[in-house]
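Residue strings, one per chain:
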Amino acid sequence: MGSTEVGRRDLFKRAAALGLFAVPGVAALSACASGGGDGGDVIKRGPTSKENPFGVTKGNPLDVVVFKGGFGDEYAKQWESAFAEKYDAKISHLGTQEIRGKLQPRFNRGTPPDVIDNSGAQSIKLDVLHKQDQLTDLTELLDAPSVDDPNKKVRDTLIPGTAEKGFFGGKMHALNYVYTIWGLWYSGKLFKDNGWTPPKTWDDFIALMTEAKKKGIAGFAHQGKHPYYMNVVIMDLIAKTGGLDAMRAIDNLDPKAFVGNDAAKRSIEAVYEIVDKGLLLPGTNGLDHVESQTAWNENKALFVPSGSWLENEQLKSTPADFDMAFLPVPVLDDSAMPFHALRAGAGEPFIVPAKAKNQPGGLEFLRQMLSKEWSTSFAKEVSSLSIVEGAVDPGVKLRPGIKSAVAAVDACPVEDRFDYLYTEWYSEMDESIRGATSELMAKRIKPAEWLKKAQAAVDKAAKDPASKNNKRD
Amino acid sequence: MRQGKYPFILGFLVAPVGLYLVFVIWPYLQTIGYSFTDWSGQTQTFDFVGLDNYTRLFGDEVFHNALRNNLQFLVFVPVLTILLALFFAFMLNVGGRGGGGVQPVRGAGLYRIVFFFPQVLSIAILAILFQAVYRSDGAGLLNGILIAVGLGDPASPVEWLNSPDLVRWCLIMVLVWSGVGFYMVLFSAAMQSIPRDVFEAALLDGASRTQTFFRVTLPLLWDTVQTAWVFLAILAMDAFLLVSTLTPGQYGGGPDHNSEVLATYLMRNFNVFGQAGYACAIGVVMLVLTLLISVITLRATRRDRIEF
């Protein structure tokens, strides 16, 4: 029997080894397999009126999932209790960071929630959801009467241009609720102590950073592990140098968006100056957002690029007298747009899935979000602006960073505000350009090669037949 | 054969085999099925595209790159881990000399705990730990040491995980560091089952430590080494969590795909690019490769069994 015993042990051992295949990447797939079945009963619309344009009937459940990130989810709970009171609705609330993990299976089963705040690093890509007809067309919401003034349409109460961010295939499918501006940030105190003035031109910008370097402060920190941020600076400079046409060329996948575009060439060469002249914070190319922004908070670098969420994000590591301030990206000579031009746009997309059980409830929830009452409570809770124009009472007290951001917005007429869409439309192209930027910042490629790589990413995206549906003007 | 033996065995097997079929085999089959579609991963609708996803893999440079990187892991992770683990196990069990007979080196108990310690850390803690070790400015552990001893330049610290030449070696070191402890214990257990008199006989015959190791210990441990090799090869084919948390890019893989492995490319296609069908094809390739490697390893390292 001895020899068979060994043979059997051997067999088990091999079986165990082979059984381990369940562990590698393939295991991830098992969680995502799509299932069959449909969503069951759908809640129908009741009689509609100006006060209730979607025909919400009382006593129905509403399923809300919000991203619980920098804003927390307390603001959403306040909204929900207001909604529950008004429509006698039974709210089911989930605040989570794992939007994708929690919701992908539900989309696949055909039983998604009614309202989703699809944000954060683990959000579901909206271009993908839209391609598969999973999103409710929100045109109806834009045309509905506003909560505050039933004679006004919702679309006329929003900051111009903000709804467009949620357009896919020419129609609105996501409500990007938070109004964000992007650019550079600095410490007002550090500037005051050294008698520096914030630079408006690229030459002054470089000169100031060179001067700071002599005093032992690096010029520029960026979140190297996430090249998203550096791309904000590059793309903003391209838009400001070449005007809105240069921006549209990129979003519309123009064969000359980068290579053969003078504005892109001048901009990327200007950005490369920062690298070439050694003005980067040492090691910043490998740091993540927390590490680099904290180093900037410690006055190790003058500038850091980010959006207006930065202040909230850095609350714990910002010294009390730091006096955070915003600066639009400085301009090159003969720039098509003025210095005060800035990237501003709506973020934090709220969606109503096409297969939501309570679609009228979901749409009504979004309409209520655009009321003065709800947008003010949002601003109070998270110190950020919403896309509702002039909705926040002057009484709401804001911190220095967001206050300076609001001043920058006020100084910038609507026609000088811009916002890219390719990041929403073409995930793969975005990732490729980010990769090229990493290489440029690490001095491994030169501006000319960056242009080639970026153009290759654009050309690849243009080959996808689905890209024909996206067009901006 | 006794009456009712098979129903008895079947009764025990139904539940586990059923679970295995539903939660392991069925997802595998589904994955293979999806790899022939253009499924986006977000819906129930998709079209059958035949072998398109697989032919695309042939021309995909990022995929080739990932494959090459996996191969580098596949060569170095098992070799380094097994060599180190064997050495430690040998020293901790039979490496000691003097006092008469075979014994562990002094302080073996302490070493055993210290070496095994990385094994109890979850991969998430490991990632945070090594993010601090490899941090790219003067605050990083390695850079800090280099600067302190005068080898590093504070103005241009080494960007370990952002360097195309270093990033894969940095990851291999983490994999080896975290794996050695477990295999040391595995080999220790196997060594303890070798009769002591074999070692003592070798000692009496005047064998040195090296000779004892290569002539006695290693041949008697061959079965265990073989198993370890297969496990480590599977680990090297995966490496997903570590690469995706430590390196730049969405699901890691950076800089410029220099640390890309099949699993990270799979996840990016699945979750970021909305190309789940393509991701499934990568998954199937991973499955086939891992299977092949395991079978080849078991075949190629087969030796005559030594009975003791």
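What counts, and where the lines are drawn
- Residues numbered from 1 in each chain as written.
- Chains lettered and ligands numbered in written order.
- Predicted model: local features only at pLDDT ≥ 70, side-chain atom pairs only at ≥ 80, totals over all residues.
- UniProt positions renumbered as here; feature names shortened; annotations may be inferred.
- Helix = DSSP H or I, 4+ residues; strand = E, 2+ residues; numbered from the N terminus.
- Rg over C-alpha atoms; globule rule 2.2 N^0.38 Å.
- Buried ≥ 20, exposed ≤ 12 C-beta atoms within 10 Å, placed from the backbone.
- Contact = placed C-beta atoms within 7 Å.
- Pairing = 2+ DSSP bridges.
- Nonpolar A, V, L, I, M, F, W, Y, C, P; charged D, E, K, R; others polar.
- Domains from an automatic or database assignment.
- Axes fitted to C-alpha atoms, helices over the stretch in contact; angles between N-to-C directions.
- Parallel < 35°, antiparallel > 145°, perpendicular 65-115°, else oblique.
- Left-handed = near helix turned anticlockwise from the far one by under 90°.
- Core = buried A, V, L, I, M, F, W, Y, C linked by C-beta atoms within 7 Å.

As annotated in an unreviewed UniProt entry, chain B is ABC transporter permease subunit from Streptomyces alkaliterrae. In its Sequence similarities (unreviewed entry) section, the UniProt entry covering chain B states "Belongs to the binding-protein-dependent transport system permease family."

According to UniProt, the comment filed for chain A under the heading Subcellular location (unreviewed entry) is "Cell envelope". Under the Sequence similarities (unreviewed entry) heading, UniProt states for chain A: "Belongs to the bacterial solute-binding protein 1 family."

Trainee: Honestly, the overall build of chain A in this entry has me stumped. Any pointers?
Mentor: In terms of helices and strands, chain A carries 19 helices and 12 strands. For 473 residues, the compact-globule estimate of 2.2 N^0.38 gives 23 Å, and chain A sits close to it at 25 Å. Projected onto its principal axes, the C-alpha positions of chain A cover 85 × 70 × 45 Å. A total of 473 residues make up chain A; the buried ones form 51% of that total. Excluding contacts between residues fewer than 6 apart, the proportion of contacts in chain A whose partners are at least 24 apart in sequence is 75%.

Trainee: Can you help me understand the overall build of chain B in this one?
Mentor: Scanning chain B for helices and strands turns up 12 helices and 0 strands. Tracing chain B from N to C terminus, the helices and strands come up as α-α-α-α-α-α-α-α-α-α-α-α. Structurally, chain B occupies a C-alpha span of about 80 × 75 × 30 Å along its principal axes. Buried positions account for 40% of the 308 residues belonging to chain B. Taking the contacts inside chain B whose residues are at least 6 apart along the sequence as the reference set, 65% of them involve residues at least 24 apart.

Trainee: In this structure, what is going on with the UniProt feature "transmembrane region" (unreviewed entry) in chain B? I would like to understand it.
Mentor: Residue and element names in this part refer to chain B. UniProt annotation of "transmembrane region" (unreviewed entry) refers to residues 7-29, 71-92, 113-134, 166-186, 228-247 and 276-298 when read in the numbering used here. Structurally, residues 113-134 is divided into 68% helix and 0% strand, and its ends, taken at the C-alpha atoms, are 25 Å apart. Helix makes up 90% of residues 228-247 and strand 0%, and the two end C-alpha atoms of the span are 27 Å apart.

Trainee: Got a minute to help me understand the pairing of strand 10 (residues 342-351) of chain A in this structure?
Mentor: Regular strands place side chains that alternate from one sheet face to the opposite one. Residues and elements named next belong to chain A. Across the 10 residues of strand 10, 9 count as buried, placing the element largely inside the fold. Looking at chain direction, strand 3 (residues 115-117) and strand 10 are connected through 2 bridges and run antiparallel. In the sheet register, Ile116 faces strand 10, and the bridge partner there is Ile351. Direction of pairing for strand 6 (residues 175-187) relative to strand 10: antiparallel, over a ladder of 7 bridges. If you follow Asn176 over to strand 10, its bridge partner there is Pro349. Pairing analysis gives 2 bridges linking strand 10 to strand 12 (residues 417-418), with the strands arranged parallel.

Trainee: It is not clear to me how the interface of chain B and chain A should be interpreted in this structure. Could you clarify?
Mentor: Interface size is commonly expressed as the accessible area that is lost once the parts come together. Opposite the 52 residues of chain B that make contact, chain A presents 44 residues. Within the residue set of the side of chain B that touches chain A, elements represented by two or more residues are helix 1 (5-34), helix 9 (209-238), helix 11 (262-272) and helix 12 (276-300) of chain B. Sort the elements by how many residues they give to the side of chain B that touches chain A and helix 12 of chain B lands first, with 9 residues. Per-class residue counts for the side of chain B that touches chain A are 26 nonpolar, 21 polar and 5 charged.

Trainee: Teacher, can you tell me more about the domain arrangement of chain A here?
Mentor: All names here are of chain A. Here the domain parsing of chain A yields domain 1 (61-180 + 345-405) and domain 2 (181-342 + 419-469). Across the contact, 17 residues belong to domain 1 and 20 residues belong to domain 2. Broken down by element, the residue count for the side of domain 1 that touches domain 2 peaks at 5 residues, all from helix 16 (residues 400-410). Tallied by class, residues from the side of domain 1 that touches domain 2 come to 5 nonpolar, 7 polar and 5 charged.

Trainee: Help me understand the packing of helix 3 (residues 74-87) of chain A against helix 15 (residues 372-382) of chain A in this model?
Mentor: How two helices sit against one another is set out by the angle between their axes and by the gap between those axes. All names here are of chain A. At a minimum axis distance of 9 Å, the contact between helix 3 and helix 15 shows a crossing angle of 155°. Viewed along their axes, helix 3 and helix 15 adopt a mutual orientation that is roughly antiparallel. Both helix 3 and helix 15 take part in a crossing whose hand is right-handed. Only Trp374, Ser377, Phe378, Glu381 and Val382 of helix 15 make contact with helix 3, whose side of the interface consists of Glu74, Tyr75, Gln78 and Trp79. Grouping the amino acids of the contact of helix 3 with helix 15 by side-chain chemistry returns 5 nonpolar, 2 polar and 2 charged.

Trainee: What am I meant to see in the nonpolar core here?
Mentor: Where a protein is soluble and globular, its nonpolar side chains tend to be buried together. Formed by 133 residues in total, the largest nonpolar core has its most connected members in Trp185(A), Phe220(A), Ala301(A) and Val458(A). The element that contributes the greatest number of residues to this core is helix 9 (residues 228-242) of chain A, accounting for 10 residues. For this core, the two domains that each supply at least three residues are domain 1 (61-180 + 345-405) and domain 2 (181-342 + 419-469) of chain A. Excluding its chain neighbours within four sequence positions, the residues that come into contact with Trp185(A) are Phe303(A), Val304(A), Ser306(A), Leu310(A), Met324(A), Ala325(A) and Phe326(A). Counting residues in each nonpolar core, the second largest holds 66 residues, with Tyr134(B), Leu171(B), Ala263(B) and Met267(B) among its members.

Trainee: Before we go on, may I ask you to explain the environment of Phe73(B) in this structure?
Mentor: Residues and elements named next belong to chain B. As for its position among the elements, Phe73 is in helix 3 (residues 61-93). Judged by the 24 C-beta atoms lying within 10 Å of it, Phe73 falls in the buried class. For Phe73 and Ser259, which are 186 residues apart along the polypeptide, the C-alpha to C-alpha distance reads 10 Å. The residues touching Phe73, leaving out its near neighbours within four places in the chain, are Ile172, Ala236 and Ala239.

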